[in-house]
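Chain residues, written in single-letter form:
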Amino acid sequence: MYHNNTDWTDHVYDEAFTQNYSMNVQGGDDVANYNLSVGYASSDATQKYNEFSRFNLRLNSDITVLRNLTVRFDASYSDVNRNMRDDGIKNNVMDGIISSPGFLSLIKSPFLSPYAYDTNGHLSHYLADADDFLSDVLPARSYRASLANPLAILEYGEADNKNDFGNRVVNLAVTPKLILNRNWSISEHFGFSIDNTDENYYLPTDGVPTFDVERTGTVENKVASLAARQISISSNTYANFNKRFGANRVNVLGGLLYSHNSYNLNTQGGYNTGNDKTPNMNADLEYPYTNGTEDKDIDMIYYLQGDYNFSEKYFASASLSLNGSSRFGVDAKDGMKIGNYAWGFFYSAEAAWLMSSEKWFNVKGIDYLKLNVGFDHVGNDDIDSKSSRTYFVSHRLLDSTTGKVMENIGNTSLQWETTNRFTAGINLSALHNRLFLGFNFFTSKTSNLLSLNTLSYLTGLYTNWSNGGSLKNTGFDASLRGRIINTGDWKWELGATMGHYKNKITSLPGNRNSFTTDLYGATILTKEGLAAGTFYGYKTNGVFATTSEAEAAGIYQLTKTGQQQYFGAGDMKFVDLYGDKCISEADMTVIGDPNPDFYGNITSSLSYKRLRLDLVFNYSVGGDIYNYQRSLLEGGSYFYNQTTAMLHRWQYEGQQTDIPRASYLDTMGNSRFSDRWIEDGSYLKLKNVTLSYNIPVRSTYLQAITLWGSANNLFTITKYLGSDPEFSMTNSVLGMGIDRGLHAPGRSFSLGVKINL
Amino acid sequence: MKIRSFIYALSLMATMSAVISCTETDSSLVEFEEENNFDLPSDTVYSVMGIIKKMQVIADRTVLLGEIRGDLTTLTDHATTDLRQLANFEATAENVYNNARDYYAVIQNCNFYIARADTSIKKRNQSVFLKEYAVVKSYRAWTYMQLALNYGKVPFFTQPLLTEKEADVNLYPKYDIKQIADFFINDIKDYVDTDYPSYSSVGGMNSTRFFIPVRALLGDLCLWAGRYQEAAQYYHDYLTTTGNARPIGVNAVTWDDKQFSHVTSSYNTLFNRTNAETLTFIPMEEEEYDGTISYLDDVFNSTEDNNYYNQATRSQALTDLSSAQRYTMIITDVNTQLPDTISPPDSLAYETQLQKGDLRLYTVITTRSAASSTTMDYSTIRQTISKVTDNSVTIYRLGQIYLRYAEALNRAGYPNAAFAVLKYGLYPSTVQQYVPEEERTAAGDLLTFSQYQFSRDNTIGIHSRGCGTANADTTFVIPSTLTEKADIIEYVEDRIMDEMALEECFEGQRLYELMRVALRRSDNAYLARRIASRDGASNFKDELYQRLLTESNWYLPLE
């Protein structure tokens, strides 16, 4: 049974096939114009049972009802279905069960087989159960000692009522526009959208060890479902004035935007459905739970915007808006009080000068030169709809009744985050439009950052949302594009972009000047003067080779019960920055910054007659990545399959190595968050190669046929040890640069044909 | 033209409706403060349950803060750093047991209820909310008392804080325990006769025991306020309430035979929360999944979660006190056929030293050896303290009330009556026989017990719960050498303190009892000396002693 040599990733990942069809029809006459597009795509993922399909339909039409009245009608529908499983590594691997097939395929022991052996010792086609080779040594909490068969999660979890995600969106909009005279028009854009999402989750019984739910009893399987619906109604009524006076041209637009959003989310789940044939919610589930939110919010924006230009040389534009939202606190600090509500006032202005249009401009070789500067003062409204108010929430009590407790005290001065941004740029083209250069500089300061603020202990509550702290972000993006060869048959265009930014936290709310956040084993430091997302951990300096070396160093840590625990031979040498011989939080320091120094892409497009080759490279330099996945694959803390690097772990007195000894549960914390797991995430990646050929056709029915073949993610040049340095774990600032082994987009090859009728 | 006016009307409508409905956002899953108006009976029930939910959070602390910092328990090598800090009076702001916020969470919810519930709403001429109102007022008073006992001077307010501005610590006066006690005596005294709400069984538990007896709480507050006569009166009235008299009962742990070879105990059953001894407990969830569970088990007992290494155990001081007691038994002399009083001889070989002297400690704490251990991580010696109950934390029980009644009587100037609570138990004939006439006259109603409710059949001296027939013990007396009343009172108070140690160990009362006596006697050393010698006189901790001479060091740091 234990004589196999299984590469589990072979069983979990597979080559995938993708198909994509689309059709676009447009037409019309004096009365009506229309554009209809329909598309369908379906794709298998490289991880088995993760296929995806999408159907979408869009109709746009313009109807002239009267000479001065037009109505635009837009409708769209999309339907996405996806089969999915847990992905990535959880926050704490010891907490509950590991259910991500991708991660399981890495840590599952190779001496096991995915298929069971029958009583005669022959390999059967039945999937093997969760492993149990450790059950005699680690009897308590079996799920810590046993890993699920990832194929069981994939196969037994496969059904529409098991693991399935569906999203359907309908958008409808009607926009009548009344032209009053040559200068004035009035429009009303009425929009309605409905967005439905439902999701089923099922973790099977067979092939998966039993597990605990937050220190309750042991359960066999889990079922959960989610249903969400968002309905938005909006109305945008505006008047437009457009006039030309000699060389002056003015366009002014003003109106009122009203929108109403309601969002409903319900989740429910439970454990022990019986068996894998009955993956249903029912009243007999153990530890059932339901959860949800219901939000309604209303926004109103009065706005006015104007554009002006003088003889197509001097451009100016400005906009003003007054925003009211039910999400703002009634006493919002920067708000104007109108009625019982606080309104935010925002504005922006921009000016541009097309220097090359000046009569006196006569620089040889420069065809076009435009300078622009701008300033804006904007706010966001990404605030939870309840945060500004005091509310109570009901909780279960004693498994038989309900207790209602105060859960939030309102921050009536809660408001938007304010960003002041200054931009300046230059765009030019030269050498008879064969060289294009663009450079844009920006600097912005966001203040009133929304953050969870620690409340006074008198409230009996821990935090509420408040505004505080500020962030500065300065950078530039530059682009250079040149047509290097431009002969009759041969054309070659080469381009590059480069972006750079530097963000810095300039102040924090309250009277703190730093705080830390724990995420996926990492500690993220938020501190005045540092970039957002800074990694904060221990520095290491190799491994103690001998007991005498360790004893001479005399470095220890304190246990939960306050006893000194000395680092010995084979343990990491953590750097005792504080100098008290005790490795503790005082020794933590900045060990990495996930923000890249610069990043961008390089493109090349070479064509010979009708044959064309396009290349797109991405690159990023100087950003650090915390390789959470490697910290588990080389941590030596659990009975998980490890990488071959672990062959060099410390094993005998005197061994010189930089990988510490393996130790179950790692009581010395050798695999803790330290610079061992911080890697340089710089890379250059060939993102896409496309070769296409345009077949010459001359026909009334057929306008063009293009044949193409392309490859994605062909190669990456990097020192990074994880699977893909170009990934994003979360949109949150704090999760930046943490690789938790999410399913990375694989290498793909496509062939296609495009027919224009 | 028609179309134009239609569009104008449309845009106007959009504006109008926007203006109107900006206020009407709501959510069905939360209840906004302005909607929480207590106009339905169910509002008030769920609010009381919500307060209980918050009480669960501080439940373990009511035991640990009073017990681990006292002189009756000591920590084992397996205790957490947090517990160690408590025991040494060195708890930092980060200590898990130091969080005043959780007490204020109870207070906030109580304040909100008290501010909003309308007791004037009547149904069939009965106030709809009055019963809950009384319950919530007593929870608030009790929680403030806990807060002041653990934190010294604490910000005091009785209105709900609904905005951050109102939650500024500097806006409120800081009250110490005396000020808190004086305020709440006044605040709850009108509710002594208000009935408890009747929710019957909640989660399989008798819900009337979720509530705090108002008279008992008033007794406590009066003790802290130094109003001893009133304290004694409240305790007395609580114990003798017409139709609900609470005699102490005769449960005890005793030697079966005059050879002192076998022990029988009906004492442990008192700690079962269904026993009449238990007056109030905080109900705890059974599983973490459901909410807050009690971890007292993991501190005091050997459990799977602590690998069978209990973190706290009896202190040497408690063990010494227990074995220094004298057990007395009345037997009939086979020769003379006359009753005789005997005690275990000094030479008696006990099964365990815990059997020496008072038997309560012996029966409350048991240790056994596990036959084999599956891994070497597990302790082979397993401790169980029977007072630690599953899924509830007791905060009031009858034995405590009797001892505090004695404490109040003594300081009110009735030391003989107080001592009689320990030695004889009070009922008409013992009052008559053992309380001197001048005390009886002065005490008046304080010593009135109905002969129909209190008799030798249902009353014993508390000392008899572990020391046999205490009323026959000729050494358990107020020494006749003491003639000054003040000396007698001090002597009796020391005996009451010893009795409290024997009766209430591991229940979380100890630190506060030591504080009460030390403050009363203006003698910080009284507390300091006892706590510093918790591990026996030979292990006196001088540093701890010095620290505890300063009253402010008794308290946890308020953030």
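Quick caveat: nothing in here was measured; it's all calculated off a predicted structure.

Conventions we followed
- Here the residue index of a chain counts from 1 through its sequence in written order.
- For naming, the first written chain is A and the first written ligand is 1, with later ones following in the order written.
- Per-residue local features are limited, in this predicted model, to residues with pLDDT of at least 70; the limit for side-chain atom pairs, both in listing and counting, is 80 or more; totals at the level of whole chains, interfaces and linings are taken over all residues.
- To obtain the side-chain values, all non-hydrogen atoms of the structure were included, while hydrogens and water were left out.
- A helix here means a DSSP run of H or I that spans at least four residues, while a strand means a run of E at least two residues long, and both kinds are numbered starting from the N terminus.
- Here's how the labels work: a residue is buried when its accessible area is under 20% of the maximum for its type, exposed when over 50%, partly exposed in between, all with a 1.4 Å probe on protein chains only.
- Residues are treated as being in contact if the distance between any of their heavy atoms lies within 4.5 Å.
- Every accessible area reported is derived by Shrake-Rupley at a probe size of 1.4 Å, with residue values counting cover from the shown protein chains alone.
- Note that His is not counted, nor are the chain ends; the positive residues are Lys and Arg, and the negative ones are Asp and Glu.
- One atom stands in for each charge, and that atom is NZ of Lys, CZ of Arg, CG of Asp or CD of Glu.
- Every radius of gyration here is taken over C-alpha atoms, with the globule rule written as 2.2 Å times N^0.38, N being the number of residues.
- N or O atoms within 3.5 Å of each other form a polar contact, as long as, within protein, one can give a hydrogen and the other can take it, and as long as residues adjacent in sequence are counted only when both atoms are side-chain atoms.
- Here the expected length of a helix is defined as 1.5 Å per residue gap, with one fewer gap than residues.
- Two strands qualify as a pair provided DSSP detects at least 2 bridges between them.
- Axis definition: a line fit to C-alpha positions, over the contact stretch in the case of helices; interaxial angles, taken between N-to-C directions, run 0 to 180 degrees.
- We call two directions roughly parallel when the angle between them is under 35 degrees, roughly antiparallel when it is over 145, roughly perpendicular when it lies between 65 and 115, and oblique otherwise.
- In this scheme, a crossing is called left-handed if the near helix is turned counterclockwise away from the far one by less than a right angle; it is called right-handed if the turn is clockwise.
- Polar here means any residue other than Ala, Val, Leu, Ile, Met, Phe, Trp, Tyr, Cys and Pro, which are nonpolar, and Asp, Glu, Lys and Arg, which are charged; Gly is therefore polar.
- Any Lys or Arg side-chain nitrogen located within 4 Å of an Asp or Glu carboxyl oxygen qualifies as a salt bridge.
- Each patch is built from salt-bridge-free residues with over 30% relative accessible area, joining like charges within 9 Å and nonpolar side chains (Val, Leu, Ile, Met, Phe, Trp, Tyr) within 5 Å.
- Each Phe, Tyr or Trp ring (for Trp, its six-membered ring) is paired with any other whose centre lies within 6.5 Å, and the angle between the two planes then decides the class: stacked below 30 degrees, edge-to-face above 60, tilted in between.
- Whether a charge lies above a ring is judged from NZ of Lys or CZ of Arg, which has to be within 6 Å of the ring centre and within 35 degrees of the ring normal.
- Residues enter a nonpolar core if they are buried and are Ala, Val, Leu, Ile, Met, Phe, Trp, Tyr or Cys, with the set joined through side-chain atoms within 4.5 Å.

A. Up close: the overall build of chain A. When you go through chain A residue by residue, the secondary structure sums to six helices and 41 strands. Principal-axis analysis of the C-alpha atoms gives chain A an extent of 90 × 70 × 60 Å. Per-residue burial over chain A gives 44% buried out of 757 residues. Across chain A, the fraction of contacts at a sequence separation of at least 24, relative to all contacts at a separation of at least 6, is 66%. A total of about 38000 Å² of accessible surface is found on chain A, and carbon and sulfur atoms cover 54% of it. Positive and negative side-chain charges in chain A, numbering 64 and 78 respectively, have mean positions lying 10 Å apart.

B. Representation of the overall build of chain B. Within chain B one finds 20 helices and 17 strands. On C-alpha atoms alone, chain B measures out to a radius of gyration of 27 Å, which is about the 24 Å that the 2.2 N^0.38 rule sets for 559 residues. Along the three orthogonal principal directions, the C-alpha set of chain B runs to about 125 × 65 × 45 Å. Considering chain B as a whole, with its 559 residues, one finds that 57% of them fall into the buried category. Sequence separation of at least 24 residues holds for 71% of the intrachain contacts in chain B that already meet a minimum separation of 6.

C. Geometry of unusual backbone geometry. Of note in this structure, A:S311 is not a glycine but carries a positive phi near 45°. Residue placement: A:S311 occurs in the loop between β13 (286-310) and β14 (314-325). On the basis of relative accessibility, which here comes to 32%, the residue A:S311 falls in the partly exposed class. Positive phi, close to 70°, is recorded for B:F506, a residue that is not glycine. Along the polypeptide, B:F506 turns up in the loop between α17 (485-504) and α18 (510-520). Here B:F506 falls in the buried class, since its relative accessible area comes to 3%.

D. Focus on the side chain of A:N467. All names here are of chain A. Checked against the element boundaries, N467 lands in strand β23 (residues 463-467). A distance of 2.8 Å separates a polar atom in the side chain of N467 from the backbone oxygen of Q415. A distance of 2.9 Å separates a polar atom in the side chain of N467 from the backbone oxygen of N448. Each residue touching N467, except ones within four places of it in the same chain, is listed here: N411, S413, L414, Q415, W416, N448, L449 and L450.

E. Seen up close, helix α5 (residues 130-151) of chain B. All names here are of chain B. Compared with an ideal rise of 1.5 Å per residue, which puts 22 residues at 32 Å, α5 spans 31 Å between its outermost C-alpha atoms and is within 8% of the ideal. For α5, a buried count of 20 out of 22 residues is recorded, marking the element as mostly surrounded by other parts of the structure. Of the residues one or two after α5, G152 is the one with positive phi, at around 75°.

F. Up close: the sheet that holds strand β27 (residues 522-527) of chain A. Residue and element names in this part refer to chain A. An order of β26-β27-β28-β33 is seen for the four strands of this open sheet, with the pairing classed as antiparallel. Looking at strand neighbours, the two that pair on one side only are β26 (514-519) and β33 (589-592), the edges of this open sheet. On average, each strand axis in the sheet is tilted by 45° relative to the strand beside it, whichever way the strands run. As paired strands, β27 and strand β28 (residues 534-537) are joined by two bridges and run antiparallel to one another. Within β28, the position partnered with I524 by the bridge is F535.

G. Looking closely at the pairing of strand β1 (residues 18-28) of chain A. Burial of β1(A) is sparse: only zero of the eleven residues sit out of reach of the surface. Linking β1(A) back to strand β2 (residues 32-43) of chain A in an antiparallel pair, the connection comprises three residues.

H. How the structure looks around the packing of helix α13 (residues 415-423) of chain B against α17(B). Residues and elements named next belong to chain B. Taken N-terminus to C-terminus, the directions of α13 and α17 make an angle of 20°; their axes are 9 Å apart at the nearest point. The orientation of α13 with respect to α17, classified from their angle, is roughly parallel. Both α13 and α17 take part in a crossing whose hand is left-handed. Contacts between α13 and α17 pair P415, A418, F419 and L422 from the former with K485, I488, I489, V492, R495, I496 and E499 from the latter. For the contact of α13 with α17, a count of residues per class yields eight nonpolar, no polar and three charged.

I. Structural detail: the environment of B:D190. Residue placement: B:D190 occurs in the loop between α6 (177-188) and β7 (201-202). Along the primary structure B:D190 and B:R520 are separated by 330 residues, whereas in three dimensions their C-alpha atoms are 27 Å apart.

J. Structural view of the interface of chain B and chain A. If you look at the interface, chain B gives 75 residues, while chain A gives 67 residues. There are zero salt bridges connecting chain B and chain A. Put simply, chain B and chain A have 17 residue pairs in polar contact (both at pLDDT 80 or more) between them. For the side of chain B that touches chain A, the elements supplying multiple residues, two or more each, are α1 (2-21), β1 (31-32), α2 (41-67), α3 (81-87) and α4 (100-116) of chain B. Per-element accounting of the side of chain B that touches chain A gives the leading share, eleven residues, to α1(B). By the bridge criterion, two bridges tie strand β18 (residues 391-397) of chain A to β1(B) in an arrangement that is antiparallel. Looking across to β1(B), one finds that A:F392 is bridged to B:E31.

K. The arrangement of the environment of B:N111 in detail. Position of B:N111 among the secondary structure elements: in helix α4. For B:N111, the residues in contact, after removing those within four places along its chain, are B:R140, B:F157, B:T158, B:Q159 and B:P160.

L. Here's a closer look at a negative patch on the surface. Residue and element names in this part refer to chain A. Side chains of D129, D132, D136 and D206 sit close together on the surface and give a patch of like negative charge. Structurally, D136 can be placed in the loop between β6 (123-127) and α3 (142-145). Given the relative accessible area of 75%, D136 is considered exposed.

M. Representation of the packing of aromatic side chains. Counting across every chain of the model gives 59 aromatic pairs over all chains. Plain terms: the ring middles of B:F157 and B:Y172 are 5.0 Å apart, the flat faces sit at 45° to each other, and that makes the pair tilted. Of this pair, B:F157 sits in the loop between β5 (154-155) and β6 (174-175) while B:Y172 sits in the loop between β5 and β6, placing them 15 residues apart in sequence. Between B:F449 and B:F454, the ring centres sit 5.0 Å apart and the planes meet at 75°, which makes this aromatic pair edge-to-face. Pair check on accessibility: B:F449 and B:F454 agree, each one buried. Feature note: the residues A:Y457, B:Y104, B:Y144, B:F156, B:F157, B:Y172, B:Y175, B:F183 and B:F184 constitute an aromatic cluster, connected by ring pairs. In this arrangement the basic side chain of A:K108 is found over the ring face of A:W8, its NZ or CZ atom lying 5.4 Å from the centre. The ring of B:F281 has B:R273 lying over it, and the distance from NZ or CZ to the ring centre is 5.7 Å.

N. Broad picture of the nonpolar core. The biggest cluster of nonpolar side chains holds 173 residues, and the ones touching the most others in it are B:Y139, B:F300 and B:L409. For this core, the leading source of residues is α5(B), giving 13 residues. When neighbours within four sequence positions are excluded, B:F300 is seen to be in contact with B:V63, B:L64, B:E67, B:I68, B:T73, B:N310, B:A312, B:Q383, B:I385, B:V388 and B:F506. Of all hydrophobic cores here, the second largest spans 35 residues; its members include A:I107, A:V208, A:A224 and A:Y271.

O. Just the pattern of salt bridges, in detail. The tally for this structure, following the rule as stated, stands at 55 salt bridges over all chains. Among the ionic pairs, A:E312 bridges to A:R244, the shortest N-O distance being 4.0 Å. Of this pair, A:E312 sits in the loop between β13 and β14 while A:R244 sits in strand β11 (residues 222-245), and the two are 68 residues apart along the sequence. Ionic contacts of the salt-bridge type, sharing partners, join the residues B:E277, B:D358, B:R360, B:K387, B:R397, B:R465, B:E499, B:E503 and B:E507 into one network.

Worth remembering: the numbers are spatial, not functional.
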